[in-house]
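# Breakdown of the fold
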Amino acid sequence: KAEYALSNNENSNGKAMQVEAFAYFSRMNASVSYVYASPTFKGYFSNSEFLTASLNYQISTKLNLAVNYQKDARNFERDTLYGVAPYRENFQMGFRYNYIKNGSISMFSGIQEFEDRMDIKQFFYNEKFYRIEFFQQINRFTVNLQAFFAKTSNFLNDSFGKSSLYLTNLGYNTNRFSVNVNGTYSILNRYSTKDMEMFVFGGRMNAQIVNKWDLSFFYQNTYYLEENYADR
């Protein structure tokens with residue numbers, strides 16, 4: 001499907017477009033989504049470009065190949081609601097092996113770039129990374145473990161270093177109640193401080209008390225600088 005839009009006022013004209021395509025085959029599916037808005041477009045997005053593409057191929061009943069690409073250049077003019085969203089670009093490919101019905105091991109490799117577009121940048125880096133992920137569901141419980149290793153080129157201080165993250169995520173789900181706790185320990189060379197150590201932990205709970213009442217709770221002790229534009 002495709003959409004094309006025009007805007008105009010006394011000062012300028014603008015244009016925007018969106019294209020989405022999906023393909024499904026017996027062993028493969030693919031998707032592409034592209035959004036463009038010119039600098040003078042008078043819509044929610046302006047001076048923006050999004051591109052996401054993915055391909056999944058089932059090599060065998062238990063082994064899958066996945067390829068993903070994402071480019072996010074959002075509102076290069078200042079966003080009055082959230083500040084300025086960072087520029088993000090990511091490409092990764094890898095394999096997922098389902099050793100049982102509700103358990104899998106994944107290995108991915110790729111490259112990514114993040115740039116803070118505030119006047120005073122807090123991050124601007126490029127990374128070549130490897131990621132290993134383990135997922136297991138046991139009845140109502142889920143366990144997710146991840147390890148991330150990268151060679152980081154830090155453009156803030158023209159330095160090179162290694163970055164690593166280790167994530168643990170535990171969950172419990174029923175029809176009326178769910179709880180999730182997670183923790184991530186990382187050593188990063190993405191920011192102005194070399195070998196910066198961070199421990200991010202938190203949790204989320206959702207419960208249906210009675211038919212018309214829901215209760216939710218979320219806590220996180222801190223956040224990574226790449227998320228500094230979001231409303232907290």
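Everything in this summary refers to the structure shown in the same document. (Residues numbered from 1 in each chain as written. Predicted model: local features only at pLDDT ≥ 70, side-chain atom pairs only at ≥ 80, totals over all residues. Heavy atoms only, no water.)

## As for the nonpolar core
Within the largest apolar cluster, 12 residues are counted, these being Phe114, Phe123, Tyr125, Phe129, Phe148, Ala150, Leu165, Leu188, Tyr191, Met198, Val200 and Tyr224. Contributing elements (two or more residues each) for this core: β8 (124-138), β9 (141-154) and β12 (196-210). What Phe148 contacts, discounting residues up to four positions off in sequence, is Gln112, Glu127, Phe129, Tyr130, Arg131, Ser163, Ser164, Leu165 and Arg190. (Core = buried A, V, L, I, M, F, W, Y, C linked by side-chain atoms within 4.5 Å. Buried < 20%, exposed > 50% of the residue type's maximum accessible area, 1.4 Å probe, protein only. Helix = DSSP H or I, 4+ residues; strand = E, 2+ residues; numbered from the N terminus. Contact = heavy atoms within 4.5 Å.)

## A short note on the pairing of strand β7 (residues 103-115)
Sheet topology note: the strand β6 (residues 87-100)/β7 ladder contains 12 bridges and is antiparallel. Pairing of Asn90 across the sheet is with Gln112, part of β7. Between β6 and β7, which pair antiparallel in sequence order, lie 2 residues. (Pairing = 2+ DSSP bridges.)

## As for the packing of aromatic side chains
Geometry of an aromatic ring pair is reported as the spacing of the ring centres plus the angle between the planes. The tally for this structure, following the rule as stated, stands at 9 aromatic pairs. When the centroid spacing of 5.3 Å and the interplanar angle of 25 degrees are considered together, the rings of Phe129 and Phe148 count as stacked. Residue Phe129 is located in strand β8, and its partner Phe148 is located in strand β9; the two are separated by 19 residues in the primary sequence. Judged by relative accessible area, Phe148 falls into the buried class, the value being 11%. (Phe/Tyr/Trp six-rings, centres within 6.5 Å; stacked < 30°, edge-to-face > 60°.)

## Topic: a nonpolar patch on the surface
Taken together, the side chains of Ile105, Met107, Tyr130, Ile132, Phe149, Tyr166, Tyr185, Phe199, Phe201, Phe217 and Tyr219 present a nonpolar region at the surface, about 1,100 Å² in accessible area. Mapped onto the nonpolar patch, the elements with two or more residues apiece are β7, β8, β12 and β13 (213-220). As for its placement among the helices and strands, Tyr130 is situated in strand β8. (Patch = residues over 30% accessible without salt bridge, like charges linked within 9 Å, V, L, I, M, F, W, Y side chains within 5 Å. Areas by Shrake-Rupley, 256 points an atom, 1.4 Å probe, with all protein chains shown as cover. Salt bridge = Lys/Arg side-chain N within 4 Å of Asp/Glu carboxyl O.)

## Considering the side chain of Asn126
With respect to the secondary-structure elements, Asn126 resides in strand β8. Setting aside chain neighbours within four positions, we find Asn126 in contact with Ile111, Gln112, Glu113, Lys151, Thr152, Ser153 and Phe155.

## Some thoughts on unusual backbone geometry
The phi angle at Asn47 is positive, at roughly 50 degrees, despite the residue not being glycine. Examined against the element boundaries, Asn47 turns out to sit in the loop between β3 (28-37) and β4 (48-58). One non-glycine residue, Asp195, adopts positive backbone phi at about 50 degrees. Considering the arrangement of structural elements, one finds Asp195 in the loop between β11 (177-188) and β12.

## Describing the pairing of β8
The pairing of β7 with β8 spans 13 bridges and is antiparallel. Looking at the pairing, Phe108 lines up with Arg131 of β8. As paired elements, β8 and β9 share 14 bridges and run antiparallel to each other. Of the residues in β9, the one forming a bridge with Glu133 is Gln146. If you look at the hairpin formed by β8 and β9, you'll find 2 residues sitting between the two strands, and Asn139 has a positive phi there, around 55 degrees.

## Considerations on the pattern of salt bridges
Counting across every chain of the model gives 7 salt bridges. One salt bridge connects Glu49 with Lys71, and the closest N-O pair in it is separated by 3.4 Å. Placement of the pair is Glu49 in strand β4 and Lys71 in strand β5 (residues 63-73), with a sequence separation of 22 residues. Using a relative accessible area of 27% as the deciding quantity, one classes Glu49 as partly exposed. In this structure, the salt-bridge partner of Arg88 is Asp72, at a minimum N-O distance of 2.7 Å. Taken together, the residues span a long stretch of sequence, with Arg88 in strand β6 and Asp72 in strand β5 at a distance of 16 residues. What makes Arg88 partly exposed here is its relative accessible area of 24%. Bridged by salt links that share partners, the residues Glu127, Arg190 and Glu226 form one connected network.

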